[in-house]
Amino acid sequence: LKNSYWDAVRAIYTRIQTFYDEKRTELAANLELKKEIAQKAVELVKDFASSNTKEWDAATASLLTLQEEWKKIGFGPRKENEEVWKEFRAACDEFFSKKKTFFDSIRGKFDEVAAKKQQLVDKLEEVKDSTDWKKTTDQILAIQKEWKALGSAGQRFEQKLWKEFRAAC
């Protein structure tokens, strides 16, 4: 009876030990996958600098894909998992900070162009009721050339300003 009892206890302990060994192996594999993803994120952010919005959008999509992969991976060993998470999060934060700075500078340029275009619309409003046809026509043509030379005011302002400009013309 005693031997069968200890055989049963050993069998249970063996199953428990096997379970924890498999868990440790799974956690280690998850940690390695997370390290790879964190390294990809660091490499993406480290050398990335662009003045093209499409490149920023593509890089953002890549980073978001890495974040989705990260979420699909299970847990890793607690201490190491936290360190890898901090590295990955720092890379993501740095990327999105650079992106915000880039797009803020673009918005600043768009705001400047929008202000200049609003001034042109105001000039048109002043001269549109003039009865000196030749002088007014020349002024309007000059304002239209200026408008064209300014470029885009961005999605936020362009259509509204264009409608006002065309109405005044």
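Note: the structure precedes this text.
Rules used in this analysis
- Per chain, residue numbering runs from 1 following the sequence as it is written.
- Residue-level local features of this predicted model are given only where pLDDT is at least 70; pairs of side-chain atoms are given and counted only at 80 or more, and the full residue set underlies all totals for whole chains, interfaces and linings.
- As a rule here, side-chain values come from all non-hydrogen atoms in the structure, and water together with hydrogens is ignored.
- Secondary structure is summarised from DSSP: a helix means a run of H or I of at least four residues, a strand means a run of E of at least two, and numbering begins at the N terminus for each.
- By this rule, a helix spans an expected 1.5 Å times one less than how many residues it contains.
- The classification of residues rests on relative accessible area computed with a 1.4 Å probe and restricted to protein chains. Under 20% of the type maximum is buried, over 50% is exposed, and intermediate values are partly exposed.
- Arc, as used here, means the arc of the directions from the helix axis to the C-beta atoms.
- Note on contacts: a residue pair qualifies if any of its non-hydrogen atoms lie within 4.5 Å across the two residues.
- Throughout this description, a polar contact denotes any pair of N or O atoms lying within 3.5 Å of each other; where both atoms belong to protein, one of them has to be capable of donating a hydrogen while the other can accept it, and for residues adjacent in sequence the pair is counted only when both atoms sit in side chains.
- For our purposes a nonpolar core is just a set of buried Ala, Val, Leu, Ile, Met, Phe, Trp, Tyr and Cys residues, chained together by side-chain atoms within 4.5 Å.
- In summary, the pairing rule links any two rings of Phe, Tyr or Trp, Trp by its six-membered ring, whose centres are within 6.5 Å, and it sorts them by plane angle into stacked for under 30 degrees, edge-to-face for over 60 and tilted for everything else.
- Lines are fitted to the C-alpha atoms to define the axes, a helix being fitted only along its stretch in contact, and any angle between axes, read from their N-to-C directions, falls within 0 to 180 degrees.
- Roughly parallel means an angle under 35 degrees; roughly antiparallel, over 145; roughly perpendicular, 65 to 115; everything else is oblique.
- The sense of a crossing depends on the near helix, which, turned anticlockwise from the far helix by less than a right angle, makes the crossing left-handed and, turned clockwise, makes it right-handed.

### Regarding helix α2 (residues 53-72)
Taking 1.5 Å per residue, 20 residues should reach 28 Å; α2 reaches 29 Å between its end C-alpha atoms and fits that length. The set of residues buried in α2 consists of Trp56, Ala59, Thr60, Leu63, Leu66, Gln67 and Trp70. For α2, the angular spread of the buried residues around the axis is 120°, confining them to a single face. Among the exposed residues of α2, those pointing more than 90 degrees away from its buried face are Lys54 and Lys72. Where α2 is buried, its residues meet α1 (2-46) and α3 (78-127). Two or three places before Lys54, at the opening of α2, Asn52 has a side-chain oxygen 2.8 Å from that residue's backbone nitrogen.

### A few points about the nonpolar core
Judged by nonpolar contacts, the single largest core of 20 residues is most densely connected at Phe88 and Phe95. Elements with a minimum of two residues in this core: α1, α2 and α3. If one sorts the elements of this core by residue count, α3 sits on top with eight residues. Not counting residues within four places of it along the chain, the set of residues in contact with Phe88 comprises Ile37, Ala38, Ala41, Leu66, Gln67 and Trp70.

### Describing the packing of aromatic side chains
For the structure shown, the criterion picks out 14 aromatic pairs. Judged by centre distance (4.7 Å) and plane angle (85°), the ring pair of Phe48 and Trp56 falls under edge-to-face. When the centroid spacing of 4.5 Å and the interplanar angle of 0° are considered together, the rings of Trp70 and Phe88 count as stacked. Highlighted residues: Trp70 in helix α2 and Phe88 in helix α3, separated in sequence by 18 residues. Overall, Trp70 belongs to the buried group, its relative accessible area being 8%.

### Considering the packing of α2 against α3
Orientation of α2 relative to α3, taken along the N-to-C sense of each, is 155°, at an axis distance of 11 Å. With respect to each other, α2 and α3 are oriented roughly antiparallel. Like other packed secondary-structure pairs, α2 and α3 cross with a definite hand, here left-handed. Residue-level contacts link Thr53, Trp56, Asp57, Ala59, Thr60, Leu63, Leu64, Leu66, Gln67 and Trp70 of α2 to Val84, Trp85, Phe88, Arg89, Cys92, Phe95, Phe96, Lys98, Lys99, Phe102, Phe103 and Ile106 of α3.

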